Amino acid sequence: MRVRDQRQGWLNPGLERPIAPGSTRKISGCIKSLSSAASMRAAEMGDSVDPWRVPFCDGNSIPILGLGTCSLDKPVKGETVKAVKAGIEIGYRHFDGALMYGNEDEVGEAIRAKIADGTVKREDIFYTSKLWMSYLSPALVQKGLELTLKSLKLDYIDLFLIHWPTGLEDASGKILLSDVDFCETWAVMESCKDAGLVRSIGVSNFNHKQLETLLRMPKLKYRPVCNQVECHPYLNQSKLLKYCKSNNIVLVGYSPLGTSQDPAWFDPNNPILLNDPELRKIGEKHNKTAAQVALRYQIQRDVVVIPKSFNPGRMKQNKEIFDFQLTNEEMKAIDGINKNLRYITLKQLIDHPKYPFHEEY
Ligand code: A2P
């Protein structure tokens, strides 16, 4: 099967330059008297553990707030280095990236510079990367990871995800849909963990049936620690979240602010999340923005959030979500604005046998 929208760079990062896209000290202002699961975790674990890290089933943990580094338009050279350095200075310790975003060299440069100047140690930083679709075949998994490590110039990454369940293959320059079995991909991901190249392994954009397939693998050695999916108040993923929680899988929410409205790809018929009157109204009550309310909503339901911003003012704003609490009524009101609206649809692969979004969740 041929892929409809053939953009070689988009489909084949690494084969040519891809296009774009601490010890977590206590996050400042963290309040302890929460009724959320985070506060219960804090109570159970005592004061020595950061309640704003979410535990993984493999014994590791992830900071509940991270900085997204996917720039949907082609990143301007140097922009990511500046943004990640600013993020570290502002206090972010968790960064979310991918081979596909085409800027891991800059993410690595920024992290290494902030280690070199003494601001952080490597172990303070949590970095996630993702294996692109064209590397799902077992023979290519390690190559995909090596491209990431080489770009970053780091020895290991903290979390490595299968970016999408949908494999692609390059047949003499033609990009074909590949029905590669992601369970086979997973077995190699497990060996990458054993080799110490990655600390934890998980998936992204899997529906619950695909997660189930993975969990039922006869020779499963490590369960996926997380599923990273689009998640925000217009697509609150309540069913998938319930499924993940019941299987000890952390849900990481990308596009928690409803994505960028870049006209190059944003459907102008879609409503803009941050203009939502309910989010704004609740924000006014707490003297917070709609963005801060959208992020706070997620962390109160144990969803890890990775808002993307390369603007230091907005990065700072997005971090100021630990000093207020939404009431149960406000949480319910935000549940009520869900529209099951997916901004990122990957329509180009709608005919792929493993296209994840035909399933309800
Ligand atoms: P910028 O990088 O200029 O700050 P998402 O994380 O849902 O994908 O959203 C990312 C988009 O939201 C980016 O366009 C980013 O732009 C913008 N953004 C990030 N933080 C905020 C904020 N606090 N208020 C409004 N827009 C924001």
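A brief structural summary. As the structure is a prediction and not an experimental result, all values here were calculated from the model. (Residues numbered from 1 in each chain as written. Predicted model: local features only at pLDDT ≥ 70, side-chain atom pairs only at ≥ 80, totals over all residues. Heavy atoms only, no water.)

Details of the pattern of salt bridges
On inspection of all chains with the given rule, the structure shows 15 salt bridges. Two residues, Lys114 and Glu89, come together in a salt bridge whose shortest N-O distance is 2.7 Å. Note that Lys114 is positioned in helix H4 (residues 104–116) and Glu89 in helix H3 (residues 79–90), a separation of 25 residues in sequence. Put simply, Arg122 and Asp158 hold a salt bridge, and the shortest N to O gap is 2.9 Å. In this pair, Arg122 is assigned in the loop between H4 and strand E5 (126–131) and Asp158 in strand E6 (residues 157–162), connecting sequence segments 36 residues apart. The exposure classification of Arg122 matches that of Asp158, with both residues buried. What emerges from the salt-bridge pattern is a single network uniting Glu89, Lys114 and Asp117. (Salt bridge = Lys/Arg side-chain N within 4 Å of Asp/Glu carboxyl O. Helix = DSSP H or I, 4+ residues; strand = E, 2+ residues; numbered from the N terminus. Buried < 20%, exposed > 50% of the residue type's maximum accessible area, 1.4 Å probe, protein only.)

A closer look at the packing of aromatic side chains
Counted under the stated rule, the structure contains six aromatic pairs. Summarising the aromatic geometry, the rings of Trp164 and Phe357 are spaced 5.8 Å apart at their centres and angled 70° between planes, so their arrangement reads as edge-to-face. One end of the pair, Trp164, is in the loop between E6 and strand E7 (167–171); the other, Phe357, is in the segment after helix H12 (328–335), and 193 residues separate them in sequence. Seen from their ring centres, Tyr355 and Phe357 are 5.6 Å apart, and the 75° between their planes marks the pair as edge-to-face. Here the two residues Tyr355 and Phe357 agree in accessibility, since each one is buried. Every member of this aromatic cluster is reached through a ring pair, and the members are Trp164, Tyr355 and Phe357. One residue, Arg296, lies across the ring of Phe324, its end atom 5.7 Å from the ring centre. (Phe/Tyr/Trp six-rings, centres within 6.5 Å; stacked < 30°, edge-to-face > 60°. Lys NZ or Arg CZ within 6 Å of the ring centre and 35° of its normal.)

Describing helix H11 (residues 312–319)
Regarding H11, the residues found buried are Met315, Asn318 and Lys319. The arc that holds the buried residues of H11, viewed along the axis, is 100°, so those residues lie on one side. On its buried face, H11 sits against strand E3 (67–68), H3 and helix H10 (290–300). N-cap assignment for H11: the residue whose side-chain oxygen lies 2.9 Å from the backbone N of Gly313 is Asn311. (Arc of directions from axis to C-beta. Contact = heavy atoms within 4.5 Å. Polar contact = N/O pair within 3.5 Å; in protein donor to acceptor, adjacent residues only side chain to side chain.)

Digging into the side chain of Asp124
Its location among the elements puts Asp124 in the loop between H4 and E5. With relative accessibility at 7%, the residue Asp124 sits in the buried group.

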